[in-house]
Amino acid sequence: MDKVFNILISAIIYILTIAIALIATLLAIITFPPVFELFKYDLGSSEFYLLVASDKLKFLPSFVVTIAVFTALLTYLREKSKLHNEIKEKRSKLFLELVKEGLEGVYDMLKDQNNDRTTWVRASRDILHALNLAKEIKT
């Protein structure tokens, strides 16, 4: 249930990110021409103040807020991915240590080159267990 919820939340966030990117693009198309027109005039000129007072820049605050939300969503997705990778790395490190300890134990059991059947059976089981644990190592 928890995994399904996480997948659903991730899908909603990805769809929301795409939608906000589209809205930001639309607002940029609407807002950038008047903004670039502002750069044609000096800061104190009457044309500058007329352009600022006109309705041509009414979407500028919406554009800025949309870009801020888009940036926040991308930051969230990056941090979530980073956290997921860190968890996967820690899990893999734990399994690596367990596999290493298991194989070292097998080596300790067999290093005296004995022919005891029970020791060899136990060593083979430990090797199989270590191989199964090694399958869980992802990084």
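A quick note: this is a predicted structure, and the numbers were derived from the prediction, not measured.

The rules behind the values
Residues numbered from 1 in each chain as written. Predicted model: local features only at pLDDT ≥ 70, side-chain atom pairs only at ≥ 80, totals over all residues. Heavy atoms only, no water. Helix = DSSP H or I, 4+ residues; strand = E, 2+ residues; numbered from the N terminus. Rg over C-alpha atoms; globule rule 2.2 N^0.38 Å. Areas by Shrake-Rupley, 256 points an atom, 1.4 Å probe, with all protein chains shown as cover. Lys, Arg positive; Asp, Glu negative; His and termini not counted. Charge placed at Lys NZ, Arg CZ, Asp CG, Glu CD. Salt bridge = Lys/Arg side-chain N within 4 Å of Asp/Glu carboxyl O. Buried < 20%, exposed > 50% of the residue type's maximum accessible area, 1.4 Å probe, protein only. Polar contact = N/O pair within 3.5 Å; in protein donor to acceptor, adjacent residues only side chain to side chain. Axes fitted to C-alpha atoms, helices over the stretch in contact; angles between N-to-C directions. Parallel < 35°, antiparallel > 145°, perpendicular 65-115°, else oblique. Left-handed = near helix turned anticlockwise from the far one by under 90°. Phe/Tyr/Trp six-rings, centres within 6.5 Å; stacked < 30°, edge-to-face > 60°. Contact = heavy atoms within 4.5 Å. pLDDT = per-residue confidence, 0-100. Expected span 1.5 Å × (residues − 1).

*Asks:* So what exactly am I meant to see when it comes to the overall build of the protein chain here?
*Replies:* From N to C terminus, the protein chain includes four helices and zero strands. Here the protein chain has a C-alpha radius of gyration of 30 Å; the compact-globule value for 139 residues is 14 Å, and the former is much larger. Dimensions of the protein chain, computed from the C-alpha atoms along their principal axes, are close to 100 × 35 × 15 Å. Accessible surface for the protein chain amounts to roughly 10,800 Å². Of this, 67% is attributable to carbon and sulfur atoms. Separation of charge centres in the protein chain, based on 18 positive and 16 negative side chains, amounts to 5 Å.

*Asks:* Help me out: how do you make sense of the pattern of salt bridges in this one?
*Replies:* Close approach of charged atoms lets side chains of opposite charge pair. Taken as a whole and judged by the stated rule, the model has three salt bridges. When the shortest N-O distance is used, the salt bridge between glutamate 136 and arginine 91 registers 3.5 Å. Placement of glutamate 136 in the segment after helix H4 (117-134) and of arginine 91 in helix H3 (residues 60-110) is noted, with a sequence separation of 45 residues between them. A salt bridge links lysine 111 to aspartate 108, with the nearest nitrogen and oxygen atoms 3.8 Å apart. The class of lysine 111 is exposed, set by a relative accessible area of 51%.

*Asks:* Could you clarify how one ought to interpret the side chain of serine 45 in this entry?
*Replies:* Residue position: serine 45 is located in the loop between helix H1 (2-38) and helix H2 (46-53). Within polar-contact distance, the side chain of serine 45 engages the backbone oxygen of aspartate 42 at 2.9 Å.

*Asks:* Is there a simple way to explain the packing of H1 against H3 in this structure?
*Replies:* Helix-helix packing: each pair is described by the crossing angle between the helix axes and the interaxial distance. H3 packs onto H1 with a crossing angle of 150 degrees between their chain directions and a minimal axis gap of 8 Å. Looking at the two axes, H1 sits roughly antiparallel to H3. Helix-helix and strand crossings are classified by hand; for H1 and H3 the assignment is left-handed.

*Asks:* Would you take a moment to explain the packing of aromatic side chains for this structure?
*Replies:* Each aromatic ring pair is specified by the distance between its two centres and by the angle formed by the two planes. Counting across every chain of the model gives three aromatic pairs. Aromatic rings pair up to connect Phe32, Phe36 and Phe63 into one cluster.

*Asks:* I keep staring at the environment of phenylalanine 48 and nothing clicks. Help me out?
*Replies:* Relative to the helices and strands, phenylalanine 48 is located in helix H2. Overall, the relative accessible area of 15% leaves phenylalanine 48 in the buried class. Each C-alpha atom of the pair phenylalanine 48 and glutamate 37 lies 8.8 Å from the other, and the pair is 11 residues apart in sequence. For phenylalanine 48, the residues in contact, after removing those within four places along its chain, are Leu38, Tyr41, Asp42 and Leu43.

*Asks:* Got a minute to help me understand unusual backbone geometry in this structure?
*Replies:* Excluding glycine, residues mostly have negative phi values, and the peptide bonds linking residues are mostly trans. At glutamine 113, a position not held by glycine, the phi torsion is positive, near 55 degrees. As for its position among the elements, glutamine 113 is in the loop between H3 and H4.

*Asks:* Please explain the confidence of the model for the protein chain as it appears in this structure.
*Replies:* Predicted coordinates in regions of low pLDDT should not be interpreted in detail. Looking at the protein chain, pLDDT values average 90 and 100% of them are 70 or higher. Confidence, read as mean pLDDT per element, is least for H2 in the protein chain (85) and greatest for H3 (93).

*Asks:* Mind showing me how you'd approach H3 here?
*Replies:* Along an α-helix, residues three or four apart share an orientation, since each turn contains 3.6 residues. Under the 1.5 Å per step criterion, the end-to-end length of H3 is 74 Å for 51 residues, consistent within 8% with the ideal 75 Å. Along H3, the positions that sit buried rather than exposed are Phe63, Thr66, Leu73, Leu77, Ser92, Phe95, Val99, Val106, Met109 and Leu110. For H3, the elements touching its buried residues are H1 and H4.

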